[in-house]
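Listed here are the chains, written in short residue letters.
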Amino acid sequence: MNGRSLIGDAGEASPVPHRRDTFGNKPGEATSGGFSRLKLALSRRPPEQQPGEERAMEDSPSMDKEDRGENQSSPCRGRRCYPKALSYVTGDMREFANWLKDKPQVLQFFDWVLRGIAQVVFVNNPISGILILVGFLVQNPWWALLGSIGTVVSTLTALLLSQDRSAIAGGLHGYNATLVGLLIAVFSDKGDYFWWLLFPICAVSMTCPLFSSALSSVFSKWDLPVFTLPFNMALTLYLSATGHYNPFFPSQLITPENSVPNVTWSELNALQLLKSVPVGVGQIYGCDNLWTGLIFLGAILLSSPLMCLHATIGSLLGMVAALSLSTPFEEIYFGLWGYNSSLACIAMGGMFVALTWQTHLLALACALFTAYLGGSMSHLMAVVGLPSCTWPFCLATLVFLLLSTKNPNIYKMPLNKVTYPEENRIFYLQAKKRMAESPL
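Residues numbered from 1 in each chain as written. Predicted model: local features only at pLDDT ≥ 70, side-chain atom pairs only at ≥ 80, totals over all residues. Heavy atoms only, no water.

1. Notes on the overall build of the protein
Worth spelling out the cut-off: In this description a helix means any DSSP run of H or I spanning at least four residues, a strand means any run of E spanning at least two, and both kinds are numbered starting from the N terminus. Partly exposed residues are those whose accessible area sits between 20% and 50% of the maximum for their type, while under 20% is buried and over 50% is exposed, using a 1.4 Å probe and protein chains only.
Secondary structure assignment for the protein yields 21 helices and 0 strands. The burial tally for the protein puts 54% of its 440 residues in the buried class.

2. Here's the deal with the environment of Leu-198
The criterion, for reference: By definition in these notes, contact holds between two residues if any of their heavy atoms fall within 4.5 Å.
Along the polypeptide, Leu-198 turns up in helix H12 (residues 198-219). A residue is classified by how much of its surface remains accessible, and Leu-198, at 22% relative accessible area, is partly exposed. Residue contacts for Leu-198: discarding those within four places in its chain leaves Leu-146 and Ile-149.

3. Focus on the pattern of salt bridges
Note the following rule: Each salt bridge in this description consists of a side-chain nitrogen of Lys or Arg and a carboxyl oxygen of Asp or Glu lying within 4 Å of one another.
A complete count under the given rule lists 3 salt bridges for this structure. Across the salt bridge formed by Arg-94 and Asp-92, the nearest N and O atoms sit 3.1 Å from each other. For Asp-102, the salt bridge goes to Lys-103, with nearest N and O atoms at 3.0 Å.

4. Some details on helix H21 (residues 421-437)
What counts is decided by this rule: In this analysis, the expected span of each helix is defined as 1.5 Å times one less than the number of residues it contains.
For H21, built from 17 residues, the straight-helix expectation of 24 Å at 1.5 Å per residue is met to within 8% by its first-to-last C-alpha distance of 24 Å. Within H21 the residues assigned to the buried category are Pro-421, Glu-423, Asn-424, Phe-427, Tyr-428, Gln-430, Ala-431 and Met-435.

5. Describing the environment of Leu-343
On the secondary structure map, Leu-343 appears in helix H18 (residues 339-351). For Leu-343, a relative accessible area of 0% translates into the label buried. With 47 residues separating them in the primary sequence, Leu-343 and Thr-390 have C-alpha atoms 9.0 Å apart.

6. Overview of the packing of aromatic side chains
The line we're drawing: Here a Phe, Tyr or Trp ring, Trp counted by its six-membered ring, pairs with any other such ring whose centre lies within 6.5 Å, and the pair is stacked when the planes are under 30 degrees apart, edge-to-face when over 60, and tilted otherwise.
On inspection of all chains with the given rule, the structure shows 19 aromatic pairs. Between Phe-122 and Phe-352 the ring centres are 5.7 Å apart and the planes differ by 80°, which places this aromatic pair in the edge-to-face class. You can see Phe-122 sitting in the loop between helix H7 (105-118) and helix H8 (126-139) and its partner Phe-352 sitting in the loop between H18 and helix H19 (357-382), a full 230 residues away along the chain. Both residues of the pair, Phe-122 and Phe-352, belong to the buried class.

7. Topic: the nonpolar core
Convention followed: Here, nonpolar core means buried Ala, Val, Leu, Ile, Met, Phe, Trp, Tyr and Cys residues that are tied together by side-chain atoms lying within 4.5 Å of each other.
Counting 91 residues, the largest nonpolar core has Phe-122, Ile-132, Phe-136, Phe-227, Leu-235, Tyr-285 and Phe-352 as the members making the most contacts within it. A total of 10 residues in this core trace back to one element, the largest contributor, which is helix H11 (residues 175-187). If you look at the next biggest cluster of nonpolar residues, it comprises 11 residues, including Val-263, Ala-322, Phe-329 and Ala-371.

8. So, unusual backbone geometry
Residue Ser-326 is not a glycine yet carries a positive backbone phi of 55°. On the basis of relative accessibility, which here comes to 31%, the residue Ser-326 falls in the partly exposed class. Of note, the phi angle at Cys-389 is positive, near 50°, even though the residue is not glycine. Among the structural elements, Cys-389 can be located in the loop between H19 and helix H20 (391-401). Classification of Cys-389 as buried rests on a relative accessible area of 9%.

9. What to know about the environment of Leu-215
Along the chain, the position of Leu-215 falls in helix H12. On a C-alpha basis, the gap between Leu-215 and Pro-225 in space is 8.9 Å, while along the polypeptide they are 10 residues apart. Ignoring anything within four residues of it in the chain, the contact list for Leu-215 reads Val-226, Leu-229, Pro-230 and Met-233.

10. Quick look at the packing of helix H14 (residues 270-282) against helix H16 (residues 305-324)
What counts, and what does not: Lines fitted to C-alpha atoms define the axes here, with helix axes fitted over just the stretch in contact, and angles between the N-to-C directions of these axes take values from 0 to 180 degrees. If an angle is under 35 degrees, it is roughly parallel; if it is over 145, roughly antiparallel; if it lies from 65 to 115, roughly perpendicular; otherwise it is oblique. Handedness of a crossing is defined here by the sense of rotation of the near helix relative to the far one, left-handed for an anticlockwise turn of less than a right angle and right-handed for a clockwise turn. Residue polarity follows a fixed list, in which Ala, Val, Leu, Ile, Met, Phe, Trp, Tyr, Cys and Pro are nonpolar, Asp, Glu, Lys and Arg are charged, and the others, Gly among them, are polar.
The geometry of H14 relative to H16 is characterised by a closest axis approach of 8 Å and an angle of 120° between their N-to-C directions. Here H14 is positioned oblique relative to H16, judged by the angle of their axes. Two packed elements cross with a definite hand, and for H14 against H16 that hand is right-handed. From H14, Leu-273, Ser-276, Val-277, Gly-280 and Val-281 reach across to H16, where they touch Ala-311, Thr-312, Ser-315, Leu-316, Met-319 and Leu-323. Class assignment of the residues belonging to the contact of H14 with H16 gives a composition of 7 nonpolar, 4 polar and no charged.

11. Concerning a nonpolar patch on the surface
Note the cut-off: In this analysis, a patch consists of residues with relative accessible area above 30% that form no salt bridge, clustered at 9 Å for like charges and at 5 Å for the nonpolar side chains Val, Leu, Ile, Met, Phe, Trp and Tyr. For the accessible areas, the method is Shrake-Rupley and the probe is 1.4 Å, while residue cover comes only from the protein chains on display.
A contiguous nonpolar patch, built from Ile-130, Val-134, Val-138, Trp-291 and Leu-294 and spanning about 450 Å² of accessible area, is present on the exposed surface. Breaking the nonpolar patch down by element, the ones donating at least two residues are H8 and helix H15 (290-303). Counting residues per element, the nonpolar patch draws most heavily on H8, at 3 residues. Checked against the element boundaries, Ile-130 lands in helix H8.

12. Here we look at the confidence of the model for the protein
Definition in use: Each residue gets a pLDDT score, which is the predictor's confidence in that residue and runs from 0 to 100.
Confidence in the prediction for the protein averages 85 pLDDT; 80% of positions are at 70 or higher. Counting interchain partners and residues more than four positions distant, the pLDDT-below-50 stretch residues 1-75 has 192 contacts.

13. Comments concerning the packing of H18 against H19
Where H18 meets H19, the closest approach of the two axes is 8 Å, and the angle between their N-to-C directions is 155°. With respect to H19, the axis of H18 lies roughly antiparallel. With respect to the hand of their crossing, H18 and H19 are arranged in right-handed fashion. Of the residues in H19, those in contact with Asn-340, Ser-341, Ala-344, Cys-345, Met-348 and Gly-349 of H18 are Thr-359, Leu-362, Ala-363, Leu-364, Cys-366, Ala-367, Thr-370 and Ala-371.

This is the structure:
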């Protein structure tokens, strides 16, 4: 669920935003504790040169020709062509976004919506958005329609409110409403194709940019993302206002446990446990279909293998946490213990903290903490007839991001530099190298 955040007006800003655009923060506000020398190294970085640009220069065929004296008519040689071509559809597809800048607004808007659908899992890639949309169709075409409508309405609302155009282009004003559309359909007691449900979905989706802008103005003081807090707030308010006995828009009845669950360990099915890992990833979007979860993992893999790895590990750790509490097996098989921990593991495993072996262990700890917090909040919120949504992920991950340490290998990325884990690590290593070369 990239959660991230949004405000302002960017004019000529790049369509693929860094996190500075989304919050309007000053550079370097994210680092604290023992990172003063690393911050100094970052401040000495030539302003016109970004990590992606440096890598592009290194991969550029023209640079190779000049350095090696190769034939000017050969754009690339051998194995260099394939990785270069692959770079156009992986990562955040920055080249495609730049190509779209002078294209019709309709094409750009379609790209923004697809990126918004993928941003739920921190992916800024329109092809991944298409794959995730296919996963929705495999799960339930009605859910796919409502999730898409929510994304479109929220993005249009952000445009009407003159929010930061680069944040809109990166899908940061759409992903919360994607979840709103999906989860209102999931929790509706009217079943599929209840067309009156379009009215509350549109209304609630319009509140997402409002929550995002308001929260980002507060969280920017600590250089923190808003994650899926706008979705949690919007859906909780909607379900609280309607409830199970509402005559127009009734929701499913959620009740707390009132008896000891019957857990027979001899009935534990290893194959079902294995299936629960991708199903847990699918539950990030409220989907319980195995193939849908596998499609989502493929969409994440296309953008970042490191994110896919941490998404899988996070879901696995959620399953382990559930078994340690003797949770009814049906809940585990249904993936309800995997989605919050999966999101937490992605966020801490290279997305908002540069990936090192220390931060990898921190991501595992965050995933476990999130899973246990999820179990606790599920029981607490069931008392008032509400689902826990992604509250556990948001609260647990924010706590870990606020962690202060003097260990230079635990480096919290400035939001204006966050892209995807592989690129974030390049940025971190370059800054670390400059720090080592600094005379101070």
